[in-house]
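Coordinate analysis (summary)
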Amino acid sequence: MKQKFDTMVIHGGYDSKEHLGSLTTPLYQTSTFTFDSAELGELRFAGEEDGFIYSRLGNPTVKVLEERIAQLEGGEAGLAFSSGMAAVSAILVALTKMNDHIICSQGIYGCTFGLLSLMKEKYNIQTDFSEMRSEKEIRSLIKPETACIYMETPINPTMRLIDLELVARVAKEHNIPVIVDNTFSSPYLQQPLKHGCDLVIHSATKYIGGHGDVVAGLVVGKKDFLSQVAITTQKDIGGILSPFDAWLLLRGLKTLSVRLDRHSSNANKIVERLKNHPNVANVYYPGDAEHEDYYITKKQMRQGGGLISFEIKGNKKDAQKVLNALQFVKIAVSLGDAETLIQHPASMTHAVVPEQARHKMGITDSLLRLSVGLEDWEDIWDDIEKALNIL
Ligand code: LCS
């Protein structure tokens, strides 16, 4: 019987019988693997015999993680990378060639935007940014050279959503692969492949790891495609995950569901209070029934998750004042950790995005992004409320 999600986060891809009965996945902290004979070495390099060769080409600890994330996303195969950006860049390099075209969500993590700008500069790969609100809007952007559709939903940091089924439907008509950066949701809250998308990317640095101690990336998709990526862009560009980081992610994953339940319930309570605070202008949270895109949340997300963005009544200096007044909520980029983190996207995660493009994305100077942690929500709110009260 196919295991349920909460069982797969703990057991997926691992059989203790294959590892001397070790309950937890052993850490194969090795750079290389010995061959019993020269001939066996030759067969392994030729792909005619299963087995490990060298840790850039595959490692048993990393392999368990790749199988587990594939199961959790409901995909055929997984691939692990040294960072979320290593995953994003490997997939975009694998799917595009010079003079191609990409359709991307109107709103994207700052470094992904930076990568798309680099690809335009170096290889004349043009990107059209789109809100992807309707089939018509997406269809109007498709060209013969459109190589892929790339999106985040929820979008970092505006928390706008995109209807996965709608985009996948249009893309299918034209045979264009759809890539979804699922970092903000994790597979517990949203599984894009089930809605017809082709590839899922994670900055595993965030909810997958969950403890703020790893930088990593994961991709899930079709086996044939990812096997090709493994022996081309991943092997030759080389942004592979270390065995120890894979081991930390396997440990973090075991509590994914319980962590996300708590992140979401804490966030729900903070959202209600933020909405009623006199110094807060707008609150953006996918689990809020008043969110503009709530109808999409209901279609494709289990819960709202742990991230809230909100605009204060004031300017950039006021936003910075609020951050500086916090006592235990930490000013830091990254998200999905046990600790509550807050940052100012316009001057931090999205500072690399030119001002005009930033405004198009909806990132104002008064916007703050809060990654609600696992602490007692009353303590989190107490700190935030006091900081807001100084305005
Ligand atoms: N995709 C999304 C949606 C992200 O938020 C990030 C990092 C990445 C990809 C890249 O992953 P990394 O290479 O860092 O593992 N987002 C960050 C953020 O919002 N604050 O700090 C990093």
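Turning our eyes to something else, we now look at the sheet that holds strand S3 (residues 126–130). In spatial order, the strands read S1-S7-S6-S5-S4-S2-S3; together these seven strands make up an open sheet with mixed pairing. A strand with exactly one partner marks an edge of an open sheet, and here the two such strands are strand S1 (77–81) and S3. Strand-to-strand twist in this sheet, taken as the mean axis angle between neighbours without regard to direction, amounts to 20°. Sheet topology note: the strand S4 (residues 146–152)/strand S5 (residues 178–181) ladder contains four bridges and is parallel. Across the sheet, glutamate 152 pairs through a bridge with aspartate 181, a residue of S5. Docked against the sheet, helix H3 (residues 60–73) engages S1, strand S6 (199–203) and strand S7 (217–221), running at close to 125° with respect to S1. Along the sheet, helix H5 (residues 110–123) contacts strand S2 (101–105), S3 and S4; its crossing angle with S3, the most-contacted strand, is approximately 145°.

In this model helix H11 (residues 256–275) runs 28 Å from its N-terminal to its C-terminal C-alpha over 20 residues, within 8% of the 28 Å that 1.5 Å per residue would give. Looking only at H11, the buried set comprises Leu256, Ser257, Arg259, Leu260, His263, Ser264, Asn266, Ala267, Ile270, Val271 and Leu274.

Here we take up the site of the ligand. Taken together, 18 residues form the shell around the ligand, and within it Asp181, Ser203, Thr205, Lys206 and Arg369 come nearest. Within the backbone of methionine 85, a nitrogen or oxygen atom sits 2.9 Å from an oxygen atom of the ligand. In this structure, a nitrogen atom belonging to the ligand sits 2.9 Å away from a main-chain N or O atom of serine 334. For the ligand, the accessible surface in isolation is 480 Å², of which the surrounding protein chains cover 92%. Here the residues of the shell around the ligand are counted per class, giving six nonpolar, eight polar and four charged. Here the shell around the ligand spans two domains, and each of domain 1 (5–253) and domain 2 (256–388) adds at least three residues to it.

Turning next to the domain arrangement of the protein. Split into domains, the protein comes out as domain 1 (5–253) and domain 2 (256–388). Between domain 1 and domain 2, the residue contacts involve 41 residues of the former and 43 residues of the latter. For the pairing of domain 1 and domain 2, the buried interface totals around 3500 Å² over both sides, and the portion due to carbon and sulfur atoms is 59%. When residues of domain 1 are sorted by the area they lose upon contact with domain 2, Tyr188, Leu189 and Tyr207 head the list and together hold 23% of the total. Notably, a salt bridge pairs aspartate 293 with arginine 160, separated by 2.8 Å at the nearest N-O pair. Where domain 1 packs against domain 2, one counts 23 residue pairs in polar contact (both at pLDDT 80 or more). Counting residues per element, the ones that place at least two in the side of domain 1 that touches domain 2 are helix H1 (5–11), H5, helix H7 (164–173), helix H8 (186–189) and helix H10 (243–253). If one sorts the elements of the side of domain 1 that touches domain 2 by residue count, H8 sits on top with four residues.

Before going further, it helps to spend a moment on H5. A turn of α-helix holds 3.6 residues, and therefore any two residues three or four places apart point the same way. Here H5 spans 20 Å end to end across 14 residues, near enough to the 20 Å set by a 1.5 Å rise per residue. Of the positions making up H5, those classed as buried are Gly110, Thr112, Phe113, Leu115, Leu116 and Met119. Residues of H5 that are buried sit in contact with helix H4 (84–95), S2, S3, S4 and helix H14 (355–361). A positive backbone phi angle near 55° is found at asparagine 124, which sits one or two residues after H5.

Attention now moves to the nonpolar core. Counting 37 residues, the largest nonpolar core has Leu65, Ile208, Leu218, Leu241, Leu249 and Leu256 as its most contacted members. Elements represented by at least two residues in this core include exactly H1, H3, H8, S7, H10 and H11. A per-element tally of this core places H3 first, with six residues. Of the residues that make up this core, three or more belong to each of domain 1 (5–253) and domain 2 (256–388). The next biggest cluster of nonpolar side chains, apart from the first, holds 31 residues, and it includes Phe81, Leu115, Val219 and Met361.

Here is what the cut-offs are and how they apply
Residues numbered from 1 in each chain as written. Predicted model: local features only at pLDDT ≥ 70, side-chain atom pairs only at ≥ 80, totals over all residues. Heavy atoms only, no water. Pairing = 2+ DSSP bridges. Helix = DSSP H or I, 4+ residues; strand = E, 2+ residues; numbered from the N terminus. Axes fitted to C-alpha atoms, helices over the stretch in contact; angles between N-to-C directions. Contact = heavy atoms within 4.5 Å. Expected span 1.5 Å × (residues − 1). Buried < 20%, exposed > 50% of the residue type's maximum accessible area, 1.4 Å probe, protein only. Near = heavy atom within 4 Å. Polar contact = N/O pair within 3.5 Å; in protein donor to acceptor, adjacent residues only side chain to side chain. Areas by Shrake-Rupley, 256 points an atom, 1.4 Å probe, with all protein chains shown as cover. Nonpolar A, V, L, I, M, F, W, Y, C, P; charged D, E, K, R; others polar. Domains from an automatic or database assignment. Buried area = accessible area lost by both parts, 1.4 Å probe. Salt bridge = Lys/Arg side-chain N within 4 Å of Asp/Glu carboxyl O. Core = buried A, V, L, I, M, F, W, Y, C linked by side-chain atoms within 4.5 Å.

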